[in-house]
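Letter by letter, the chains look like this.
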Amino acid sequence: MKQFPIRRIAILYLGLFWIACIVPAKQEPFRPKVGEFPPLEKAHSYKGELTFVDHANRRGSIRIDGDGRFRFAAPSPFALLPYGLVRYHGSPADLRDIPLGTVMYAKAFLPPDPKISTVPVLPLDNRKKKYGYAGTGVAPAENHIFLFEDEPSYCKRLGLVWKLKEINLNEDQGIITARRESKSGNGDVHEETFSIDKATRFWRGKEHLHFNDLIEEKILPENGVQSLNDLLVLLGISWKTTPGGVFKRFHISDVWLDELARERAAQIQNETHKTFIKSRWMPGWVEQVEYGKFGRAKVTVTLFGGMNQSLYADFKKGQKAMLASSENTLKHWAGGTAGTAQMAGKGILLEVSKTKKGIPLGSSGIQLSLETNLVTEGFRPGKIIRIRPESWPILEVPREEYIHHTRDGIDIRFPTPDIFHIFPKN
Amino acid sequence: MKVTFFFVPCSLFLIRLLPAFVCALLVHVTATGGESEAEIFRPQEGKFPPIEKAHSYRGELIFVDHANRRGSIRVEGTGKFYRNNPHPFALLPYGMVRYQNAPADLRDVPLGTVMHAYGFLPPDPKTSSVPLLPPNNKDKDAGHYRGTGIFPAENHILLLEDEPSHCKRNGLVWKLKEVNLSNLVGTIVASRQSKDGGGTEAEPQTMTFDSATRIWRGRESIRISDLIEEKVWPASGKKDLSDQPVLLGITWKPAPGDGLSGAFTSFHISDIWLDDQSIEHAAYFQTQKHNSFIRTRWMPAYVNEVKYGKFGQATATLTLFGGMDQALYDDFKKESGGQINGAENTLKHTASHYGPGHMASNGKIIQVTKQEGKVPLGSSGIQIDFKTDQIIEAIRPGRVVRIRPDSWPKSQIPREEYLFNNSPENRFPTPAIFRKN
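Residues numbered from 1 in each chain as written. Chains lettered and ligands numbered in written order. Predicted model: local features only at pLDDT ≥ 70, side-chain atom pairs only at ≥ 80, totals over all residues.

**Re the domain arrangement of chain A**
Residue and element names in this part refer to chain A. When cut into domains, chain A gives domain 1 (40–154), domain 2 (159–272) and domain 3 (281–395). A separation of 28 Å is found between the C-alpha centroids of domain 1 and domain 3. Taken together, the nine residues of domain 1 in the interface contact 12 residues of domain 3. It is strand β3 (residues 76–88) that provides the largest number of residues to the side of domain 1 that touches domain 3, a total of three residues. (Domains from an automatic or database assignment. Contact = placed C-beta atoms within 7 Å. Helix = DSSP H or I, 4+ residues; strand = E, 2+ residues; numbered from the N terminus.)

**Focus on the interface of chain A and chain B**
Contacts between the two partners involve 48 residues from chain A and, on the opposite side, 51 residues from chain B. For the side of chain A that touches chain B, the secondary structure elements donating two or more residues are β1 (44–54), β13 (207–209) and α4 (259–280) of chain A. Here the side of chain A that touches chain B takes five residues from α4(A), the largest share from any one element. When the residues that make up the side of chain A that touches chain B are grouped by side-chain class, the tally is 21 nonpolar, 13 polar and 14 charged. (Nonpolar A, V, L, I, M, F, W, Y, C, P; charged D, E, K, R; others polar.)

**Quick word on unusual backbone geometry**
All names here are of chain A. Of note in the backbone geometry, Lys218 takes a positive phi value of approximately 65° without being a glycine. When you line up the elements, Lys218 lands in the loop between α3 (211–216) and β14 (224–239). Residues other than glycine seldom take positive phi values, yet Asn229 does so here, at roughly 55°. With respect to the helices and strands, the residue Asn229 is situated in strand β14.

**Things to note about the environment of Arg157(A)**
Structurally, Arg157(A) can be placed in helix α2 (residues 151–158). Sequence separation between Arg157(A) and Gly90(A) is 67 residues, and the spatial gap between their C-alpha atoms is 8.1 Å.

**Points about α2(A)**
For α2(A), the full list of buried residues reads Glu151(A), Pro152(A), Ser153(A), Tyr154(A) and Cys155(A). Positive backbone phi, approximately 65°, marks Gly159(A), located one or two places after α2(A). (Buried ≥ 20, exposed ≤ 12 C-beta atoms within 10 Å, placed from the backbone.)

**Describing the environment of Asp105(B)**
Residues and elements named next belong to chain B. Topologically, Asp105 is positioned in the loop between β4 (102–104) and β5 (114–120). Judged by local crowding, Asp105 falls into the buried class, with 20 C-beta atoms found within 10 Å. C-alpha of Asp105 to C-alpha of His281: the two residues are 176 residues apart in sequence and 18 Å apart in space. Asp105 has contacts with His66, Val97, His290 and Phe293, leaving out every residue within four places of it along the chain.

**A few points about the nonpolar core**
Core analysis: the largest hydrophobic core is formed by 197 residues, its most contacted members being Leu323(A) and Leu318(B). The residues touching Leu318(B), leaving out its near neighbours within four places in the chain, are Ala301(B), Tyr302(B), Val303(B), Asn304(B), Gln383(B), Ile384(B), Phe386(B), Val401(B) and Ile403(B). (Core = buried A, V, L, I, M, F, W, Y, C linked by C-beta atoms within 7 Å.)

**Observations concerning the pairing of strand β20 (residues 400–405) of chain B**
Residues and elements named next belong to chain B. Among the six residues of β20, five are classified as buried, and the element is accordingly described as predominantly covered. When strand β16 (residues 337–342) meets β20, the two strands line up antiparallel, connected through five bridges. In the sheet register, Asn341 faces β20, and the bridge partner there is Arg402. (Pairing = 2+ DSSP bridges.)

Printed below as a string of structure tokens:
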């Protein structure tokens, strides 16, 4: 009698189950979802030189440091996620605050919704594609940035410092060898050689110095090699073209020699950004809408993260506030002849709550509930809003930072990637 | 009767044609902006236009496409500043940018900086990289409370300079009259006038400042709070500043008073240079940065003349563009070797992937002459004769070239700053990226 092939059937089932587990994982790469902050651990990381900025649409281009020759890499377009954070000099920033040429670190994802991406949509595995001499990794599909930070911000976030090992000066330029390591002395050590020149700025306390000043003080040699004895600093890094045989060497634009100098740079940027947010309002998204009668509703929003704490502290229970719908670019809406405030819903802050633990990057952990008698189409769960507490001034935002309800077309609401034709392709 | 018979249909015919004639006239007048083509001044290829013929305006730098030497500026007109759409501009090939009283590239100027512009109509409208406008556009009211002057057709810029550069060039200073502050935020009343006290004093302006305003004193970078600690400024309230002479960095931030019912456009003070040493210090950094930039991108110039020899040999006479640091011009020495390369109006190099040095023609500087008398803005007044044994298509009278003396390093430039495979859209960028207002 023929035996029932139970073993074969079991193997077949197991095989099918394994395929079922694997195939969807390959077909559905991770993309951020509307209304959820993505985990930073799932981001693709890269660094590069900021080469172009369209700040009104929160996008730009970066020349990415791949495994090839840096100068061959064409600028790669990127967009900031609505809750994407920019940090400069260790403080929150807007894209317009970052000088072109600054080397930035990016943590990025695939476009959450490719149909409305403001930058070109690339094949999923594009980061593995080799672009001639530019090498691989120079045009990743992960071009929607979650965290975008310059070198001092990156070091501060990770508790790192640069230790200067040696300088080799030759008249008006030189080479510095430095090592980046944990302040605590643990962890990985990264050694790198940089160029410096007469335009490199040295910051010491309140002083703003050039390297001739340091030569006069005998801190640096006039010419030749000198040990710098592990001098602890933070560095601002940019990129300048290198002589023919050197295919990649980054450049030191700034050296912060002490804590006071670092704190002062951070404070100036912090104040710049605070004023900026007070005039453009705090961005967030809608969690929930409980509809009442005759246009009334209670709208619960989560404020986006990464701002100065004093801005969040301005949202107080019982205070009046204005809530305006916005877009993924964080642009306001305006109508008629009045400004953005005319389009906003007014109301009272009923609740202000703060999550203490497990706050994901991108979120402030602060939720507000506002009761308004003018709930508009823009206040829907997952949609972006901007909110202003009564204590902030009512100001007019410039023309390119709002969408006019009759004069602007769909292309202003959803900018297309066409602008990036100004750059050659890799 | 015959005469009448003859004239009546003819008059009717003319009357019927009258609307068409009026329309044609209107179209003509609109197209020329009320001026005949003969009256319209456009810069000519190979010549530096007189700055006296430029249209001047100022505004906030909003957008920069530095690789194509163009951008957008929110021009200050007669209406509400915040309502003005950014206005596209292109730099003329010999157009100069100055920042903190030193030569600069567009990429060096922070977005938001208020710049003074001296612009012309596009030299060749067919190849303009920014939108073309009717010649009289500066006189039109743009509507929506924006007023006139905000979209001038003179969008090809000869000189683009920030406030300290503008003041230094014209021998001006800002005299601080009064400060009024509370919680590190406030306003300053100041007027711009001649440094030597001559001339008429300009109408005092009220500008805002805040705790992000940088103050420069000698080599020090200080803040408003430092001035308060030193009792130079009060912690709150008003203080007479007794016409203290300073230089100001000016930007724009939304401020109360901007709205439709507001009374003024208030500019913002980003920087205050309290003394000569501090502005010289700032200019030093910017000059060094620009020197390094030009040494790697090469000196731009016009070809004035080419004398052809045999077997591809030729001597090209060039005029170096102006506005650079003297140290750069000093590097062009008679009998020194060098390289010359074709460029475009955007100053982009013609290159292969091996870099401009690979495509350039080698040769020797056989003569350096310095023009006597008044040198037009845009020109350095320095002519050089460059002898090469590889004369190429791009080295023709009126064309833009870039030249490098042998003492400058052979550097590789980034991908967006050179042309490859001769693609027309990279050679002649179109205005397509700029939206209509």
